[in-house]
Structures are given as C-alpha cells and as structure tokens.
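Okay, here's what each chain looks like letter by letter:
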Amino acid sequence: MTLNYGREICGNLSTAQSREWLITNGIGGYGCGTISGVITRCYHGLLIAALNPPLKRTLLLSKLDETIQYDYQTYSCFTNRWFDGTISPQGYLNIESFRLEGTIPVWTFACGDALIEKRIWMQQGENTTYTRYTFKRGSKSLQLSIKALVNYRDHHGTTQSGQWKMSVEEVPKGLCVSAYPEAIPFYLRSREAEVTLNYHWHLGYDLAMERYRGLWDRDDHYNAATFNQTLEPGESLTIVASTNQKSSLNGKQALQQRYEYEEGLLKRCSHFSVPWIKQLLLAADQFIVDRTSTHNPDGKTIIAGYPWFADWGRDTMIALPGLTIATNRPDIAHNILSTFSKYLDGGMLPNVFPDDDQTPQYNTVDAILWYFEAIRAYYSLTKDVTLLKYLYPLLQDVIQSYREGTRYNIHLDSDHLIYAGQEGTQLTWMDAKVGDWVVTPRHGKPIEVNVLWYNALTIMIEIGDILGQPTGEYKTMARDTHAGFQRYWHPSLKYCHDVLDSPNGHDKSMRPNQIFAVSLPKNKTTQSLLKPEQQKSVVDTVAKMLITSHGLRSLCTTHHQYRGRYGGDQVSRDGSYHQGTVWAWLIGPFVEAHFRVYGDRTLANSFLEPMANHLNDGCVGSISEIFDGDAPMIPRGCFAQAWSVGEVLRVWAKINEPSY
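Keep in mind it's a predicted model, so treat the numbers as computed, not measured.

Caption draft 1: Up close: the overall build of the protein. For the protein, the count of helices and strands is 18 helices and 37 strands. In summary, the protein has a C-alpha radius of gyration of 26 Å against a globular reference of 26 Å for 660 residues, a match within 12%. In terms of principal-axis extent, the alpha carbons of the protein reach across some 80 × 50 × 50 Å. For the protein, buried positions account for 63% of its 660 residues. Across the protein, every contact between residues at least 6 apart in sequence was considered, and the portion connecting residues at least 24 apart equals 65%.

Right, dumping it as structure tokens:
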C-alpha cells in the first residue's frame, strides 16, 4: 500500500500534525511523532527506551532539529510550537513529501533544487534509533547542522528543567549523556559528522494533545550537542541514539537489516495480496515484544497500544489470533500462551501483566475466557497436542474456579450463567473508572461474559475429545448454560439484554456486546446460543444502531447517557469511553457475525473497506483504539492499538482466506 503525502498534507500544519508515525524495537521501546515534526504529546520522541523491557519506558532522544545551508540560503527542516503559541521555525513548509517504507517514516525536504531524504527506524531487540539523511539531488554541496535535544523522564510525564544539569561528555564518534548519577547513560554518535557539545535547555514546548486530554501541556528539552557535516549529492549521514555504547554506526547496513526484517514478515503471508492488509501485517509486529522472566527467558507478550499502554491480559488474548495466527506466526502465539499460563491464579489471568517484583492485578472476569479462544485459534493452525496436554489441567482448574466462585463474586449462578461484580469494581472490557466512580459497572451477568463462558465449555469438550479425556461434565454444563442463556433475549425489542440480574434489574441498553452471541463459538458443530432468526435480528439491529465506518459504538445514540465526543480531562474522557465512543476492535466480531448470518463475502468486506482509508489518518499505517461516536468520527485514544489491528486482520483472513 502506498502511504505517501505531498505538500497538500505536509504543507498544511493542521493536517500534518494530525498524522503521526510509529517505530518500535520489539522490546517495548518506541519512537513516534507527527509528520510535521511538531511535538504535540509528551510521548513524542525519537528514542523512548524500554529500560526494563518491555516497561520503564523513558524518553531519551526528544528530537533532532536540522538546518541546511545550501546555495547561500538557510533552510529549517524542523518545526516547533512554543507555549506562547508561536510557531518557529516553520520547517514543515520545506517538506516536499512524506511516506512509509514498510514501517519506516521517510521525509523528503526540498531546499532550492536540492532534495534531502530523512529516514528513522529502530534496531530490533535494542534501545537504538537510527536517523539517516541522504542528499538525493543537488547541483552543489550542502552543509547539514543537527541539534540533538535530549531528556530522561518517564514517557507519561513532562520536564520542567529548573536547575537540572545533565552530564554530557565526548566519546569516540559522539557523546554520552548521563542525566544524573544513577541514570542509565545513553549515546549519540555518528561516524560521519563532527560533534560540538552544548549545555542548555530549550524551554516551553507546547503539547497541544496533552492540553486536549486535560493534562499538563508544556515540556522542556536539553540541547546536548550539534552534529555538522558537509554532504555531496549521493552522500548520507547517520546519527545513532542508543543505550548500547557498541551499537553499529553503519547506517546503510542497519537500514538494509530493517528492510530484510520486514520483508521476512511479509513472506510469512505471501499469499496476502491486498496492499492495505500487507501494511497491517507489518503494523501487527509492532505490538509483539519480549517479556523475559526467570521461568521463561524467551517470553513474549503484546503491548496493548501505543503510545501509553503496557501489556494487559484481556487485550493480549483478544489481539493474539489476529497478530500471530492470521500472520502465520504460531511460534509467537505458543510463547505468549505459555508465558501467561504461569500467572494463572484462582482461575483468572492478570488484567495488568506484572513485572517480576510486582503483584499481578486480577480485576477482569473475561481475560481468562479469551485465553480459551486464543488457545482454540492456536490449535486450529498448528494441531499442537503437546501444548494442549500441558494446558488442559490448568483449564480444568479455571472451569472449576468459576463454577465454585473466585475473586470479585465471580461464580456460576443457579441459572447456569456467570455472575460477576461487587461494589467498586469494573471487571468487563468496559472498565473505565475515575477515583471511586465506576462508569459502567455492569455488575450481574454481562452477556459477552456468558457467551465466552459457553465458548470455553465447548472448547473444553473439543480439547477433551482430542486428548481422549471424559467430557460428559462439560457437555452437561454447556447444555445448561445454553438453556439459561435464553433469558437474554428481549422478545419485544428483538435484541438481547446487555446485563441480567444487575442491582437495578435487567439492563436493556443497546450495546455491542451481544454481537458475540452470533460470532461465537467458532466450532461449527456446537449449537449456537441464539436461533437463526434471533441472530439475524441482532446483526441487523447492531448494524442500524451501532455500526460506523471504523467500528461499533459502545452505546446507541438514542440512549440518554450517550456521549458522542471523546476528550477533555480524565472525568470527561472516561465518562464517554464506553458511553458511545466507537471501538475499532469490535468491527471484527461484527463482520464475522454478519458473514455468518448472510454468507455474503462482498457485503462483509464492505464493512472493512473504510479501515483501508483510516491507514492514511491517525497513526499512518496502523489503526487507532477509538473514534468519536459522532461524525466525522475523529480517531482518539491510543493512535495504534493491538486489538484493533488484530481483529481486522483476523476477520479479513477468516472471510477471504479459506485456509485460515
């Protein structure tokens, strides 16, 4: 897919700063920014290193400010917006074009008759960012001067410099920055350029997106050095930022390695010929990262979303089939499933995946149920009986824990449905909470939880048959749950209640969670939870009331609590998070349900086609977490979300690839 913008986008600051780019390194580190070069978030930077992979993400290299002297003229190739509103310099006006090469952002700057290309990428497995400048065209030499702005703070925070003086020292081919005595040193080096050390702060960068989110909206960065080099046409200059003092300075070789890495990802799915799906295959890899531990030194996990989320149990299991199975990476799926099995406790998976020295947080009723579905997807591709044998006793314990009762009043009730919830908790995926305010508590029997419970029981039957284990108990439980599930159907509304037996009775709010009663279970031999006419009614009603170009609204527009705009301070944002905001990941189960009911591949694909256009917006080449419920449905939240990408890949493969 060609993701290429000319001056019509790059030369308009409003549009150029609304589109962002993302680079990652496979261990939790990343870099991101706007294609205009303007910093609008505290998360923007060229090197946000994972100092305790995949977490402790720390901003090290904030930006590189480039100035070009060519033919007696001076050109700025960077743009800053200051806190007083001033935009200086306006280097975005010199951007001829911006494009992605795979996931590598590429700018072309026009300075008179000279063209200069700039590429940024990260070394896989290292906290190392490469920035490479290539003098593509010109009639004489040019002088390139690059100021390096650095920092050392948590990526969620901001810096007010005060009297902070970093230690900046020369090393061969560059400099070493030590923010303070206990800080991990990092290096800026180049084998081509001359380096001059600097020692002063640039104050008052304006963070417009943080202001929109109701957060502190200014930041300071430290000018550590200036790199200078004269380039002839055809020559290149590479600047390397790294926590590794021995990182390679060979920019050409490092770039070729990155190209080859991404080509290898595409070769795994060479039969995928649709350009925008191939772009998503590359985006999928950005979420898969290392999580080593004493019991699994090669452990893997999934970052839920960039720039601010870590790895979470629920998000990981929902995203896994699309990110690893649809992309033909079963080894990664196996690793993740094995890694998470070590953290099963009381029949539950952690919602927040822990560091070795932290206590897991198990406040989720459905993460473990999505784990069953991830296992099913893995086995469907690999037929790996060995992993099933290992996991089966653990899954038996899960079923027993939910049957007898576990944390947060999660238990199998007398109607054979799962009840979950107690005061002050938020256990489903609609989990927004501000202080003591649980926005959508959904205490009782949430519909998707019981769909997933039934699905888990059918998977236990399937695994039991494969392993030659008795399955009579699970068949009885599944049959009883199937009978109890009929309570969800509302005959006059012709759709399902969202929650049964809540403290306020049955909740008939029109929400998207009922779509899972049509899209699950996957096993074609398993009896569906709804009758065919009910399935059709659910799909049609969701389509009429919740579908948008980029996913499903979390609440219908006619509900008195509907919120069509997402933004503002935390109370405002979380108050609308699941009250009408569109969630991209829900397009997956909807399209699958629609295809199951209507069997029309062309019609089902028509719901996915707007996602191809979205790859040109938000984070270029990826899919956002959420969108406003009201038109024009502006992308919000994390600009790149694992389950958004994963579910689009999964359902596209399901519909269009017979072998999937």
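Caption draft 2: Spotlight on the sheet that holds strand E31 (residues 505–507). Taken in spatial order, the 3 strands line up as E27-E30-E31 in an open sheet, and their pairing is antiparallel. The outermost strands of the open sheet, each flanked by one partner alone, are strand E27 (445–446) and E31.

Caption draft 3: Summary view of the sheet that holds strand E36 (residues 635–636). Reading across from one edge, E32-E33-E34-E35-E36 is the order of the 5 strands in this open sheet, with antiparallel pairing throughout. Either end of the sheet is taken by a strand with one partner, and the two such strands are strand E32 (547–548) and E36. Summarising the sheet, E32 and strand E33 (residues 551–553) pair through 2 bridges and their orientation is antiparallel. Looking at the pairing, Thr548 lines up with Gly551 of E33.

Caption draft 4: Representation of the pattern of salt bridges. Following the criterion strictly, the structure yields 37 salt bridges and no others. A salt bridge links Arg99 to Glu117, with the shortest nitrogen-to-oxygen separation between them at 3.3 Å. Highlighted residues: Arg99 in strand E9 (residues 95–101) and Glu117 in strand E11 (residues 114–122), separated in sequence by 18 residues. Both residues of the pair, Arg99 and Glu117, belong to the buried class. Its salt-bridge partner being Glu192, residue Arg191 comes within 3.9 Å of it at the nearest N-O pair. Residue class for Glu192 comes out partly exposed when judged on its relative accessible area of 23%.

Caption draft 5: Representation of the pairing of strand E12 (residues 128–137) in the model. Burial of E12 is extensive: 8 of the 10 residues sit out of reach of the surface. The sheet contact formed by E11 and E12 spans 8 bridges and is antiparallel. What sits directly across from Glu117, in E12, is Thr134. The antiparallel pairing of E11 with E12 creates a hairpin that spans 5 residues between the two strands, and Gly125 there sits at a positive phi of about 85 degrees. In the sheet, E12 pairs with strand E19 (residues 236–242) via 7 bridges, with the strands oriented antiparallel. Following the sheet pairing, Tyr133 is matched in E19 by Leu237.

Caption draft 6: How the structure looks around the environment of Ala420. With respect to the helices and strands, the residue Ala420 is situated in the loop between strand E24 (418–419) and strand E25 (433–434). Relative accessible area serves as the criterion here: at 3%, Ala420 is assigned to the buried category. Sequence separation of Ala420 and Val451 is 31 residues, and the distance between their C-alpha atoms is 14 Å.

Caption draft 7: Just the packing of aromatic side chains, in detail. Following the criterion strictly, the structure yields 28 aromatic pairs and no others. Summarising the aromatic geometry, the rings of Phe287 and Tyr306 are spaced 5.7 Å apart at their centres and angled 35 degrees between planes, so their arrangement reads as tilted. Residue Phe287 is found in the loop between helix H5 (275–285) and strand E20 (288–290), and its partner Tyr306 is found in strand E22 (residues 305–306); the two are separated by 19 residues along the sequence. You can call Tyr306 buried: its relative accessible area is 0%. When the ring of Phe590 is compared with that of Phe607, the centres are 5.0 Å apart and the planes differ by 85 degrees; the resulting orientation is edge-to-face. Here Phe590 is found in helix H15 (residues 587–598), whereas its partner Phe607 is found in the loop between helix H16 (601–606) and helix H17 (609–614), with 17 residues between them in sequence. Overall, the relative accessible area of 0% leaves Phe590 in the buried class. Taken together, the ring pairs connect Trp370, Trp429, Phe516, Tyr566, Tyr577, Trp583, Trp585 and Trp643 into an aromatic cluster.

Caption draft 8: A look at H5. Burial analysis of H5 places 9 of its 11 residues in the buried class, which makes it a mostly covered element. Among all positions of H5, only Trp276, Ile277, Gln279, Leu280, Leu281, Leu282, Ala283, Ala284 and Asp285 are buried. Here the buried face of H5 lies against E9, helix H4 (251–267), E20, helix H6 (313–325), H17 and helix H18 (642–656).

Caption draft 9: Structural context of the packing of helix H13 (residues 532–545) against H15. Close contact between H13 and H15 brings their axes to 10 Å; oriented N to C, the two are set at 135 degrees. In this view, H13 runs oblique relative to H15, as classed from their interaxial angle. Note on packing geometry: the crossing formed by H13 with H15 is left-handed. Contacts from Gln535, Lys536, Val539, Asp540, Val542 and Ala543 in H13 reach Phe590, Ala593, His594, Arg596, Val597 and Tyr598 in H15.

Caption draft 10: Representation of the nonpolar core within the structure. Trp276 and Tyr371 are the most contacted members of the largest nonpolar core, which has 203 residues in total. Among the elements that make up this core, the one with the highest residue count is helix H10 (residues 447–467) (13 residues). The residues touching Tyr371, leaving out its near neighbours within four places in the chain, are Met317, Leu337, Phe340, Ser341, Leu349, Leu391 and Leu395. Within the second largest apolar cluster, 8 residues are counted, among which are Val106, Tyr130, Val240 and Leu255.

Caption draft 11: Focus on the packing of helix H8 (residues 367–382) against H10. Where H8 meets H10, the axes come as close as 9 Å, and the angle between the chain directions of the two elements is 40 degrees. As summarised for this structure, H8 and H10 are arranged oblique, according to the angle between their axes. Crossing handedness for the pair H8 and H10: left-handed. Residues Leu369, Trp370, Phe372, Glu373, Ile375, Arg376 and Tyr379 of H8 touch H10, and the partners they reach there are Val449, Leu452, Trp453, Asn455, Ala456, Ile459, Met460, Glu462, Ile463 and Ile466. A per-class count over the contact of H8 with H10 returns 13 nonpolar, 1 polar and 3 charged.

How each quantity is defined
- Residues numbered from 1 in each chain as written.
- Predicted model: local features only at pLDDT ≥ 70, side-chain atom pairs only at ≥ 80, totals over all residues.
- Heavy atoms only, no water.
- Helix = DSSP H or I, 4+ residues; strand = E, 2+ residues; numbered from the N terminus.
- Rg over C-alpha atoms; globule rule 2.2 N^0.38 Å.
- Buried < 20%, exposed > 50% of the residue type's maximum accessible area, 1.4 Å probe, protein only.
- Contact = heavy atoms within 4.5 Å.
- Pairing = 2+ DSSP bridges.
- Salt bridge = Lys/Arg side-chain N within 4 Å of Asp/Glu carboxyl O.
- Phe/Tyr/Trp six-rings, centres within 6.5 Å; stacked < 30°, edge-to-face > 60°.
- Axes fitted to C-alpha atoms, helices over the stretch in contact; angles between N-to-C directions.
- Parallel < 35°, antiparallel > 145°, perpendicular 65-115°, else oblique.
- Left-handed = near helix turned anticlockwise from the far one by under 90°.
- Core = buried A, V, L, I, M, F, W, Y, C linked by side-chain atoms within 4.5 Å.
- Nonpolar A, V, L, I, M, F, W, Y, C, P; charged D, E, K, R; others polar.

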